[in-house]
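# Residue-level structural notes
Residues per chain are reported as follows:
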Amino acid sequence: MEQDTLTSAPAVRLENVERAARTLDGVIYKTLLQHNLGLSDAYGAQVYLKREDLQVVRSYKIRGAYNKIAGLSPEQVSRDVVCASAGNHAQGVAYACQLLGIRGHIFMPANTPAQKVSKVRLFGKEQVEVVLIGATFDDTYHAAKAFCDERGSSFVHPFDDMAIVEGQATVGLEVLRDAPNAIDFVFMPIGGGGLASGVSSVFRQLSPATKLIGVQPLGAPSMQQALQKGQRQALEHIESFVDGAAVKCPGELTFELCRELLDEVALVPEGQVCEDLLKMYNEEGIVLEPAGTLSVSALHQYADQIRGKTVVCVLSGSNNDITRMEDIKERAMRHQGRKHYFLVTFNQKPGALRRFVNNVLQEGDDIIQFQYIKKNNKEKGPVFIGIEVQRPHDVEGIQQRMAAEGFGYEYLNGKQDFLSLLV
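Before going into details, it helps to say that this report is about the structure given with it. Since the model is a prediction, treat every value here as computed from it, not as a measurement. (Residues numbered from 1 in each chain as written. Predicted model: local features only at pLDDT ≥ 70, side-chain atom pairs only at ≥ 80, totals over all residues. Heavy atoms only, no water.)

### Topic: the pattern of salt bridges
For the structure on display, the rule yields 25 salt bridges. For D243, the salt bridge is made with K116, and the minimal N-O distance between the two is 3.2 Å. Separated by 127 residues along the polypeptide, D243 in the loop between α10 (222-229) and α11 (252-261) and K116 in helix α6 (residues 114-124) bring together distant segments of the chain. Judged by its relative accessible area of 35%, D243 falls in the partly exposed class. Residue K116 is classed as buried on the basis of its relative accessible area, which comes to 18%. Put simply, D243 and R324 hold a salt bridge, and the shortest N to O gap is 3.4 Å. Remark: R324 occurs in the loop between β10 (310-315) and α15 (325-335) and D243 occurs in the loop between α10 and α11; sequence separation between them is 81 residues. (Salt bridge = Lys/Arg side-chain N within 4 Å of Asp/Glu carboxyl O. Helix = DSSP H or I, 4+ residues; strand = E, 2+ residues; numbered from the N terminus. Buried < 20%, exposed > 50% of the residue type's maximum accessible area, 1.4 Å probe, protein only.)

What follows is the structure, encoded as structure tokens:
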């Protein structure tokens, strides 16, 4: 288990960030800092979106990857570069290798969806080899590091590297150059902490009064926990749904920088992320991945603080697989209190289901899941039932009526691992 005590973070020098911006000139898009009317009206603030979802590889990751690889010596380049990633970092490294004409080896978990693998090959073309290995990301990471050690190749870390941080810091430079007035709050997602470290470093030097808020998913609070405890410590288990920010342990460098620079780290429930992701698509026409939605989802918690203020949300990426949309809708409705799941004990005799429907459910309640297998040798049996309600508080009446009718039950909405097997 990784664990560190506090040390002083090395400073991110502004001249190095400016140099990174020059290195990236003509390679990346200088993405929009776009005023959003809907969010501004909703929160009584001036909300601007930094649109890294529109970046070349549909995420900010190309900034750090290209800056790192472009800075390698000819000798280092001759031994190739290596990375381990199942997502946006892999695409950034692949594209950087293609542009720079450098051979790259992209290690990805064996179960990585074919769509992601094909994207990496598209961006890397003949310059990259994709190596599918490992049942988990940790297995993949260790295989990539072993390959590096054997060949003397350069490992391109997704976040824990100063050149990576300096590349991501160019997001902050662009925000400050495009902002029409002073910025009061910046919200940015955190996985390993590379983006937050870079952007915060720039703001602390050029706009020190800005409040800097990192945002993590509630189920993967590695940086928040590390800052709270004063040391890095790998989490034993994380919820991987917000995959672009699901990191068990922050980097050594990024932890130190975030500790010194961030004002707070907010945690956002995965269901809230899903709700906002759908809302941004339906109301704003903006396609985001779950991690790319984190900064917008944090605004709910800061509604009182940001009223009348100028706010920037970094939309970090838009690499979302369309096959995930049903799961996203499901999680959003559970978060809204519209879908509820129960394991209900039924008497195994005729009329039990009719009594449940007539006496427990009311008009507007809809059974959306029902799974039952009769057991002839038992008087009672468990039934898995999903119910969609019109209003969140309607579930309280359902629970009260189940108890009054003698139906024993277990409420399942908080048991994501169990529900993922059935829903």
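### Side note on a nonpolar patch on the surface
Side chains of L353, V357, F370 and Y372 sit close together on the surface and give an oily, nonpolar patch of about 310 Å² of accessible area. Mapping L353 onto the fold places it in helix α16 (residues 352-359). With relative accessibility at 38%, the residue L353 sits in the partly exposed group. (Patch = residues over 30% accessible without salt bridge, like charges linked within 9 Å, V, L, I, M, F, W, Y side chains within 5 Å. Areas by Shrake-Rupley, 256 points an atom, 1.4 Å probe, with all protein chains shown as cover.)

### Regarding the sheet that holds strand β9 (residues 264-268)
Spatial strand order, β1-β2-β10-β7-β8-β9: six strands in an open sheet with mixed pairing. Each edge of the open sheet carries a strand with a single partner, namely β1 (33-35) and β9. Across the sheet, the mean angle separating the axes of adjacent strands is 25 degrees when strand polarity is ignored. Note: strand β7 (residues 185-189) against strand β8 (residues 211-217), five bridges, orientation parallel. (Pairing = 2+ DSSP bridges. Axes fitted to C-alpha atoms, helices over the stretch in contact; angles between N-to-C directions.)

### A word on the sheet that holds strand β4 (residues 104-108)
What holds strands together in a sheet is hydrogen bonding between their backbones, with the strands either parallel or antiparallel. Taken together, the four strands give an open sheet; going across it, the order is β5-β4-β3-β6, and neighbouring strands pair in parallel fashion. The open sheet terminates on both sides in strands that have one partner only, identified here as β5 (128-132) and β6 (154-155). The pairing of strand β3 (residues 81-84) with β6 spans two bridges and is parallel. Within β6, the residue paired with V81 across the bridge is S154. Most of the contacts of helix α7 (residues 137-151) go to β3, to which it runs at about 165 degrees, and overall it touches β3, β4 and β6. (Contact = heavy atoms within 4.5 Å.)

### Some points on the packing of aromatic side chains
Per the stated rule, a full pass over the model turns up twelve aromatic pairs. An angle of 80 degrees between the planes, with centres 5.7 Å apart, marks the rings of F342 and Y409 as edge-to-face. With F342 in strand β11 (residues 339-347) and Y409 in strand β14 (residues 409-411), this pair connects stretches of sequence that are 67 residues apart. On the basis of relative accessible area, F342 is assigned to the buried category, the value being 0%. Relative to F407, the ring of F346 has its centre 5.1 Å away and its plane inclined at 50 degrees; by these criteria the two rings are tilted. Separated by 61 residues along the polypeptide, F346 in strand β11 and F407 in the loop between α17 (394-404) and β14 bring together distant segments of the chain. Looking at F346, the relative accessible area reads 4%, which means it is buried. The exposure class of F407 is buried, given its relative accessible area of 3%. An aromatic cluster of three or more residues is present, and its members are F137, Y141 and F155. The aromatic ring of F155 is capped on one face by K145, whose charged end is 4.8 Å from the ring centroid. Positioned above the aromatic ring of F241 is the side chain of R324, whose terminal nitrogen or guanidinium carbon lies 4.7 Å from the ring centre. (Phe/Tyr/Trp six-rings, centres within 6.5 Å; stacked < 30°, edge-to-face > 60°. Lys NZ or Arg CZ within 6 Å of the ring centre and 35° of its normal.)

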